[in-house]
Protein chains: 2
Amino acid sequence: MTAPLHEAHPSSPGRRLPDTQQGMRRRNLARVMHTVSAEGPLSRAAVASRIGLTRAAVSTLVDELIRTGLLEELGPERPGRVGRPGSALTVSGRGPAGIGAEIGVDHLAVCAVDLRGAVRARAVRHGTNRGRPPQPVLGELTALVGQVVAEAEREGLWPAGLAVAVPGLVARDARTVVRAPNLDWHDLDLGPLIPARLPLTVDNEANFGSLAELWLGEATPRDFLHVSAEIGIGGAVVVDGRLLRGTHGFAGELGHVPVRPDGPECACGGRGCLEQYAGEEAVLRAAGLPPGQDRVGLLAERAAQGDTEVREALGEAGTALGIALTGAVNLLDPQAVVVGGALAALAPWLLPSLERELARRTAGRGCAVAVSRLGPEGPLLGAAHSVVRAVLDDPAAVAERV
Amino acid sequence: MTAPLHEAHPSSPGRRLPDTQQGMRRRNLARVMHTVSAEGPLSRAAVASRIGLTRAAVSTLVDELIRTGLLEELGPERPGRVGRPGSALTVSGRGPAGIGAEIGVDHLAVCAVDLRGAVRARAVRHGTNRGRPPQPVLGELTALVGQVVAEAEREGLWPAGLAVAVPGLVARDARTVVRAPNLDWHDLDLGPLIPARLPLTVDNEANFGSLAELWLGEATPRDFLHVSAEIGIGGAVVVDGRLLRGTHGFAGELGHVPVRPDGPECACGGRGCLEQYAGEEAVLRAAGLPPGQDRVGLLAERAAQGDTEVREALGEAGTALGIALTGAVNLLDPQAVVVGGALAALAPWLLPSLERELARRTAGRGCAVAVSRLGPEGPLLGAAHSVVRAVLDDPAAVAERV
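Chain A carries the name ROK family transcriptional regulator in an unreviewed UniProt entry, which gives Streptomyces lannensis as its organism. Regarding chain A, the UniProt comment filed under Sequence similarities (unreviewed entry) reads as follows: "Belongs to the ROK (NagC/XylR) family."

If you want it as structure tokens, here you go:
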């Protein structure tokens, strides 16, 4: 179950399944699930016409999906409605759920999302994790997962998998946090430390955040660059609706793109990285504000009140983001840059200088810059939805576990 | 014929062909061609076992490919050889040929490559094209194409398509040169200006150069960043064996990644772009050398002789490349950086500072840096081979034209 969670190809569910008769059945189950998920409620006939199979074939597939609790029948449609005979189908609100978890520098969060995309349970613990050893942090996270799973089960759901977002580099197709500098964690396999008895995936928070934008954002294009911030600066690259992972799983590391090569030293060993200008600590320092809880809220409040020092600091951060994004836009030519995470709340004061810099350095071409609607919720929702997408992408795998 | 030429997916020939019985036949024809091309000479039985079809099915496909001149039989294999009964198959050396053309700032070149990958005809015209209007340049190019096609036809080949490499931005899936600053061409549709009566594709020289590395390079990985130089700096990004094109077709523009954001003004409107430090003019200026013909040869000669000024200029260019590549490696996490074009000849003096900078700024992780074996031949070969690959990817389309 690990691999499918990592991928994002909404337009072609299950396309990597094997090219056999059994593989075709699995692909068709996925097509039915995706169709009902995207357009339901739908009658069997409507599903059949949308995916180009006979009604009889669709009925067999639907029966299997109902039996395994992935689809539900809403009962006969009200009379007088034309063209949709029979009972309407909808994805189940009582079947499998995706459990998402987020290890933030200042909080832990867990949620359960059903196949319909609704958040059905949620738990949060505030308090810094910076410099704490991994065991107690992951012990607390496991306890929160237990709470959320219990709550979801009371609602008739069962957990199909757990996806954990971490603020650091995660090895591709593995559960190892290679480097999370703001937690001071290194080369740490989370598998044994999260005994949740669920299929587990671990990924970078910006990666999950970008998937959330792709799946849940309003009119998010299929080619975009995601830039977000909590304590560090996160980035992710989506190309043709798929997350670009890179050789080691480290693609999207925007925070250490050199902005001013002779600038201040960075913990990464470089100099003048973006994080030295647009990271939270750098902005607070430039704004003359002390570190502490809810620093982003404080910055936004002061900026809204017209605090000149804060506005200037955010303007400078926007300029640095614009310089780093110029390089990224030149390399990737995306349809848009989507600004998310904590940066979304600061967008009114970051964007003017960011967009000015980007336009000036790209012969006026620039690149559309959009602000995430999900803001800091992105990584947690993306994690939970990655489990849900894996169920939609291969419902047969779930059926085997029921 | 335009679209397939643009793509590069050697491992999955024809996978985008329609999912019908006719589509399956076309995909299987492509599988046979790719198998014989990669591993031939092969018997029909050997082809059948490699692609998992029955020998009878393969024979039908092979007969069609022989009839249309794409495959040839070498005659019965010599007796005593075990396991490969029957006549060995090879791709034809007398069938379709790919015509590649390159519009350089200082030269025009055209070549014909047969299905076996051999260059069978070639024509070059030296002399600057800088600032010349497009019509006479493209008139000369068309004449060279005519020469090469005539020579190829004398060898029993026929031209399957023409692919033209240009030093500038080319609109995605079109033949329009949007901006070629070193030629001073803008928004120019090459279609009507190259009346070669062949299916025509136009692409950026660095894109074709990267495809040449992918197809012809020694052990080129499937994820790499290509950086090359002629007059400007070119770049291209290959992800999972496919060229990343970007929304407008402009992806890979490494030359205008900001290196020192307050540095010298660039023609692009930005400041301190990579081209201002590692472009040919900048390096010649820093080395105290005048512009002129074969400048790269001069730089390499002087550097080899131990000229301190030239070595320092190349060292500085390497540093600038290292800074720009740090950003790119952080964003893309490629398996390797492949240095090509004119840069390949200068690699001994560029690479030490380039690699030092990259390692220092990526916490020692760095990224493997390889030097292209193809050097300045890459774009021309990549263009010609893109036509050949399109034939291998969909031989049925060629058969329809015979």
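**Focus: the environment of Glu 39 of chain A**
Tracing the sequence through the fold places Glu 39 of chain A in helix 2 (residues 21-39). Of the polar contacts made by the side chain of Glu 39 of chain A, one reaches the side chain of Arg 50 of chain A; its length is 2.5 Å.

**Looking at the sheet that holds strand 8 (residues 176-180) of chain A**
All names here are of chain A. Strand order in the open sheet made by the 3 strands is 7-8-9, with antiparallel pairing throughout. Unpaired on one side and paired on the other, strand 7 (169-170) and strand 9 (185-189) mark the two borders of the sheet. Bridge count for strand 7 against strand 8 is 2 bridges, and the pairing is antiparallel. By the bridge assignment for strand 8, Val 170 is matched with Val 177.

**A look at helix 5 (residues 134-154) of chain A**
All names here are of chain A. The end-to-end C-alpha distance of helix 5 is 30 Å, a good match for the 30 Å that 21 residues give at a rise of 1.5 Å each. Looking only at helix 5, the buried set comprises Pro 134, Val 137, Leu 138, Leu 141, Thr 142, Leu 144, Val 145, Val 148, Val 149 and Ala 152. For helix 5, the arc enclosing every buried residue in end-on projection is 165 degrees, short of the 170-degree limit, so these residues lie on one face. Next to the buried residues of helix 5 lie strand 3 (96-103), strand 4 (107-114), strand 5 (119-126), strand 6 (158-166) and strand 9. Positive phi shows up at Gly 156, right after helix 5, with a value of about 85 degrees.

**Brief notes about the interface of chain B and chain A**
Interface size is often expressed as the accessible area that is lost when the parts come together. At the junction of the two partners, chain B supplies 42 residues and chain A supplies 43 residues. It is Leu 331, Asp 333 and Arg 361 of chain B in chain B that bury the most area against chain A; as a group they hold 23% of the surface buried on that side. At the surface where chain B touches chain A, the tally comes to 2 salt bridges. Between Asp 262 of chain A and Arg 260 of chain B there is a salt bridge whose closest N-O contact spans 3.0 Å. Seen at the junction of chain B and chain A, the total is 26 residue pairs in polar contact (both at pLDDT 80 or more). Put simply, the parts of the chain that give the side of chain B that touches chain A at least two residues each are strand 12 (233-239) and helix 10 (308-332) of chain B.

**Brief notes about the state of the cysteines**
Counted by the stated rule, this structure contains 0 disulfides over all chains. Not part of a disulfide, Cys 273 of chain A finds its nearest cysteine sulfur in Cys 268 of chain A, a span of 3.6 Å.

**Focus on the sheet that holds strand 9 (residues 185-189) of chain B**
A sheet is described by the order of its strands in space; here 3 strands give the open sequence 7-8-9 (chain B), paired in antiparallel fashion. Only two strands of the sheet have a single neighbouring strand rather than two, namely strand 7 (169-170) and strand 9 of chain B.

**Quick notes on the pairing of strand 12 (residues 233-239) of chain A**
All names here are of chain A. With 6 of 7 residues buried, strand 12 is to be regarded as a mostly interior element. With 6 bridges joining them, strand 11 (residues 224-229) and strand 12 adopt antiparallel strand pairing. Within strand 12, the residue paired with Leu 225 across the bridge is Val 237. Linking strand 11 to strand 12, which pair antiparallel, is a turn of 3 residues. Pairing between strand 12 and strand 13 (residues 242-243): 2 bridges, direction antiparallel.

Definitions and limits used
- Residues numbered from 1 in each chain as written.
- Chains lettered and ligands numbered in written order.
- Predicted model: local features only at pLDDT ≥ 70, side-chain atom pairs only at ≥ 80, totals over all residues.
- Heavy atoms only, no water.
- UniProt positions renumbered as here; feature names shortened; annotations may be inferred.
- Helix = DSSP H or I, 4+ residues; strand = E, 2+ residues; numbered from the N terminus.
- Polar contact = N/O pair within 3.5 Å; in protein donor to acceptor, adjacent residues only side chain to side chain.
- Pairing = 2+ DSSP bridges.
- Expected span 1.5 Å × (residues − 1).
- Buried < 20%, exposed > 50% of the residue type's maximum accessible area, 1.4 Å probe, protein only.
- Arc of directions from axis to C-beta.
- Contact = heavy atoms within 4.5 Å.
- Buried area = accessible area lost by both parts, 1.4 Å probe.
- Salt bridge = Lys/Arg side-chain N within 4 Å of Asp/Glu carboxyl O.
- Disulfide = S-S within 2.5 Å.

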